[in-house]
Amino acid sequence: MAQVKAKYLKDYRAPDHTITQVDLSFVLDGANTQVTAVSQVRRVNDTAKTLVLDGESLTVSQLLVNGQAHEYREVEGQLHLDTDLASFELTIVTQLDPQANLALEGLYMSDGAYCTQCEAEGFRRITYFLDRPDVLAVYSVRIEADKAAFPYLLSNGNRVDSGDLGNGRHFVCWQDPFPKPAYLFALVAGDFDLLSDSFTTKSGREVALQVFVDKGNLHKAHHAMLSLKKSMAWDESRFDLEYDLDIYMIVAVDFFNMGAMENKGLNVFNTKYVLADKDSATDEDYHGIESVVGHEYFHNWTGNRVTCRDWFQLSLKEGLTVFRDQEFSSDMGSRAVNRIHAIKVIKNQQFAEDSGPMAHAIRPDSVIEMNNFYTVTVYNKGAEVIRMMHTLLGEQGFQAGMKCYFERHDGQAVTCDDFVAAMEDASGVDLSQFRRWYSQSGTPELTILEAYDADKQAYRLTVSQHTPATPDQSEKLPLHIPLDLELIASDGRSLLSQVFSVTETEQELVFSEMAERPVPSLLQNFSAPVRLKFDYSVEQLIHLMRYASSEVAKWEASAALFSQAVWGNVEHLKAQQSMYVDPRLVDAVKGLLLDEALDKALLAEVLNFPSLNTLVEQVGQVDLDALAAAREFLIEEIASGCEDELVARYRELASQDDAGARALKNACLTLLLQMSDAHQVLAQRQYEQANNMTDSLGALAALNQEASQLRDSLLSDFQQKWADTPLVMDKWLTLHACCPGEDRVTALRELTLHSAFSFSNPNRVRSLIGAFAAANPLSFHQPDGSGYRFLTEAIIKLNTLNPQVAARIITPLIQFKKFDEQRQKLMRAALEEILALPDLSKDLYEKVSKALA
Ligand code: BES
Ligand code: ZN
């Protein structure tokens, strides 16, 4: 295995040289593609005698300094060039083979089109360069290619020239006036359908908007375009931020490692986050498109105009931009439902990461492979940290902070500390202790005890915080935790609602003039990414479900009630007692089903009981089989107790045509089918009569909870209908991956040979193999180890093909400490096999070696 060295934040040094201007010329010609880079290099450290450039898998055919051939050497993958010139022009010509690039980093081909992906460190696969985000240059790009095959030649900025070259070839030149780091460079060449529109900014500038999609898909680009226009308008109204170029382009490609990329003026998107029509995309897909289009657009200010000094600061742009896209979604749709989705990501995935071998702070201290740090911690916990500042400063204070941040840092590459300093200076709120959220990893536990003194009419909460040690960090300090709480009287009146700052290891909150013991709604709206430990009684939770002012708090209470019931039955199973469900739970659910005033999407969230993965995350070690049995028992008991209400609600919703109604209808259907096969006919009818993908897929997913003939026949009908639509076939692959059953792996292995599957396309890999490992825990964790074997075989294949994707789908395998000894043994063995691979990628090495440490 190649030499692997971690890089440390503490070792950051400003570069010895910088590049202020680069003129790129691409001659696109398949395996003989040639790139000429002419860089204006300037020495910034007067004592520097060697220019050191990054490069990976490059063939240099020419290198000139000020037009003269110059000596250079290749040292550990970098290019060293001795010179003591204070400034000079460096010309480097490299030869590339984009067709052979299956890792999808640098310049590669997606279905016959050339495209690039440079974040984080992909530009160095195009030419030798100072490939670090604190080197900001102005780019001009000339692209030359065959005209018939590649009518569109795109890059960042504005189009400044174009022409025919005879011999069937043509060229286009682009100029981007805004200095940018290399990771924001992009090039696309291909033949597309083009959807055009325009947006007039609030200061009256007209911006051309273009969405490029594969031929024949124009009708599926409208929602993305609409989302883009909404994003532009929203960033003006909420953040006072305007777009800055004359053109904004989005290109959708089928081969893409991530969701989408914010390259300046030329976003490259995974087709999954662009293409949609009612027949082929679910309501969730529509929502995903709106949020990803928004996210990449919002990066234009938070990421591009102000960028990161180094990659340890990734959360500076990603945490902040996720916060912004979450706010956008909340302003466009249901704030409560969006918040619930964000909370679920933290509780299911981020808490898991924080308690596993890859635990890291939102600003990590050390990194082996940067691609491994595009994580739920950096992104989603990062967004929670921004949200906490928003809670502490208020919208006005926060917006003042943003304004100060842009005034100070527009055009610069900065750090997370710079951001916090702007927030602090503009608002006057002291964030010195709060800064620890950036450097400390792990999930704080917030334990709260209550006491009521009837004589003194005083209610007291004792709040203590403790962050367990993580593999990367043994010492933990107390954090500044905003604790939003409401006190509710027995008649449902709200007695108080306020945000408190918890800063000590232990502190007390005393509330006087309490005529009776109130019910506390704690950590409202999930005001901090912590594990709340409070011993709620069933009555208290039911009280909160009924009276909490916040819809999110109602949902939290219901989820806590269900989780408690499941864990209670796990204990019963352990003690070999029979399981039991408190009738008050059934009544509570019945009450909600009968409450016509309750928001439907919210009720759907309540009825989607905590998943097995969510429950696994709530404890240190888990008996998976007992947990699954207890969860199933609870759902069946509740569903059968509410059968009439579920059927009635389902019927009433069947004719309604809005996303909330569909979500609730599918939640009811799922419960009914889990309870009894007798309801299969409902799913069958829904599938047959569906006029949209949400309904079709909802019926299939409800049926997919167990094996049946109907399930098989509808799945094969679905396959025939959608054989030519890869994004829909991905849903079909995921249904197969998520079907329970002991021998899933045989079927899945066969599916890897199906024409709908391919190891070289990340969407296909994620839909089948990624979904199996992450979303079908019972099959993945089969005691015979077959699930682990299946994932391991795929990872071994992907290790050389696409290391980034391999390292992403391995996540469930490195969380082995949660499981019983037998499973741990099998999981470790699989990891050891991977670690022993002769050509192991850095990506996998980092995760596997940490897991086994
Ligand atoms: N900058 C990233 C895309 C990226 C990440 C490219 C890592 C290369 C390596 C982009 O802004 C992003 O964060 N995309 C997310 C979607 C977003 C809505 C959170 C993604 O691709 O998953
Ligand atoms: Zn992003």
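What you see is a predicted model, and the numbers here were worked out from it, not measured in a lab.

What counts and what doesn't
Residues numbered from 1 in each chain as written. Chains lettered and ligands numbered in written order. Predicted model: local features only at pLDDT ≥ 70, side-chain atom pairs only at ≥ 80, totals over all residues. Heavy atoms only, no water. Helix = DSSP H or I, 4+ residues; strand = E, 2+ residues; numbered from the N terminus. Rg over C-alpha atoms; globule rule 2.2 N^0.38 Å. Buried < 20%, exposed > 50% of the residue type's maximum accessible area, 1.4 Å probe, protein only. Areas by Shrake-Rupley, 256 points an atom, 1.4 Å probe, with all protein chains shown as cover. Lys, Arg positive; Asp, Glu negative; His and termini not counted. Charge placed at Lys NZ, Arg CZ, Asp CG, Glu CD. Pairing = 2+ DSSP bridges. UniProt positions renumbered as here; feature names shortened; annotations may be inferred. Phe/Tyr/Trp six-rings, centres within 6.5 Å; stacked < 30°, edge-to-face > 60°. Axes fitted to C-alpha atoms, helices over the stretch in contact; angles between N-to-C directions. Contact = heavy atoms within 4.5 Å. Salt bridge = Lys/Arg side-chain N within 4 Å of Asp/Glu carboxyl O.

**As for the overall build of the chain**
Part 1 of the argument: Secondary structure summary: the chain contains 27 helices and 31 strands in total.
Part 2 of the argument: By the compact-globule yardstick of 29 Å for 853 residues, the chain fits well, its C-alpha radius of gyration being 28 Å.
Part 3 of the argument: For the C-alpha atoms alone, the extent of the chain along its principal axes is close to 85 × 65 × 60 Å.
Part 4 of the argument: Expressed as a percentage of the 853 residues in the chain, the buried residues total 60%.
Part 5 of the argument: A total accessible area of about 32,600 Å² is found for the chain, and carbon and sulfur atoms account for 48% of it.
Part 6 of the argument: The centroid of the 78 positive side-chain charges in the chain is displaced by 2 Å from the centroid of its 120 negative side-chain charges.

**A closer look at the pairing of strand 18 (residues 206-213)**
It is a general feature of regular strands that their side chains alternate between the two faces of the sheet.
Part 1 of the argument: For strand 18, the tally of buried residues reaches six of eight residues, placing the bulk of the element in the interior.
Part 2 of the argument: As paired strands, strand 17 (residues 193-200) and strand 18 are joined by eight bridges and run antiparallel to one another. Paired with Leu-195 across the strands is Val-211, a residue of strand 18.
Part 3 of the argument: Turn length for the strand 17-strand 18 hairpin, with the two strands adjacent in sequence and antiparallel, is five residues, and the turn residue Gly-204 shows positive phi of about 95°.
Part 4 of the argument: The pairing of strand 18 with strand 19 (residues 247-253) spans five bridges and is parallel.

**What to know about the UniProt feature "domain: Peptidase M1 membrane alanine aminopeptidase" (unreviewed entry) in the chain**
Part 1 of the argument: Mapped onto this numbering, the UniProt entry gives "domain: Peptidase M1 membrane alanine aminopeptidase" (unreviewed entry) at residues 227-437.
Part 2 of the argument: Between the first and last C-alpha atoms of residues 227-437 the distance is 33 Å; the span itself is 55% helix and 9% strand.

**With respect to the packing of aromatic side chains**
Part 1 of the argument: Enumeration over the complete set of coordinates arrives at 33 aromatic pairs.
Part 2 of the argument: With a centroid separation of 6.2 Å and an interplanar angle of 55°, the aromatic rings of Tyr-374 and Tyr-379 are classed as tilted. Tyr-379 carries the same exposure label as Tyr-374, and that label is buried.
Part 3 of the argument: An aromatic cluster of at least three residues, connected via ring pairs, comprises Trp-234, Phe-239, Tyr-243, Tyr-248, Tyr-297, Phe-298 and Phe-328.

**What to know about the sheet that holds strand 11 (residues 113-117)**
Part 1 of the argument: Spatial strand order, 10-11-16-13: four strands in an open sheet with antiparallel pairing. Whereas interior strands pair on both sides, the edge strands pair on one side only; in this sheet they are strand 10 (106-110) and strand 13 (152-155). Across the sheet, the axes of successive neighbouring strands diverge by a mean angle of 20°, strand direction being ignored.
Part 2 of the argument: Across four bridges, strand 13 lies against strand 16 (residues 187-190) in antiparallel orientation. Note on strand 16: the bridge partner recorded for Tyr-152 is Gly-190.

**Observations concerning the environment of Lys-5**
Part 1 of the argument: With respect to the helices and strands, the residue Lys-5 is situated in the segment before strand 1 (7-8).
Part 2 of the argument: A sequence separation of 841 residues divides Lys-5 from Glu-846, and the C-alpha atoms of the two residues are 9.8 Å apart.
Part 3 of the argument: Ignoring sequence-local partners within four residues, the contact set of Lys-5 consists of Glu-76, Val-367 and Ile-368.

**Re the UniProt feature "domain: Peptidase M1 alanyl aminopeptidase C-terminal" (unreviewed entry) in the chain**
Part 1 of the argument: Under the UniProt annotation, "domain: Peptidase M1 alanyl aminopeptidase C-terminal" (unreviewed entry) lies at residues 539-853.
Part 2 of the argument: Span residues 539-853 is 74% helix and 0% strand, its end C-alpha atoms 45 Å apart.

**A closer look at the pattern of salt bridges**
If charged atoms from side chains of opposite charge come close, those side chains can pair.
Part 1 of the argument: The tally for this structure, following the rule as stated, stands at 64 salt bridges.
Part 2 of the argument: Across the pair Glu-327 and Arg-335 runs a salt bridge whose closest N-O atoms are separated by 3.0 Å.
Part 3 of the argument: Arg-335 sits in the partly exposed class, given a relative accessible area of 38%.

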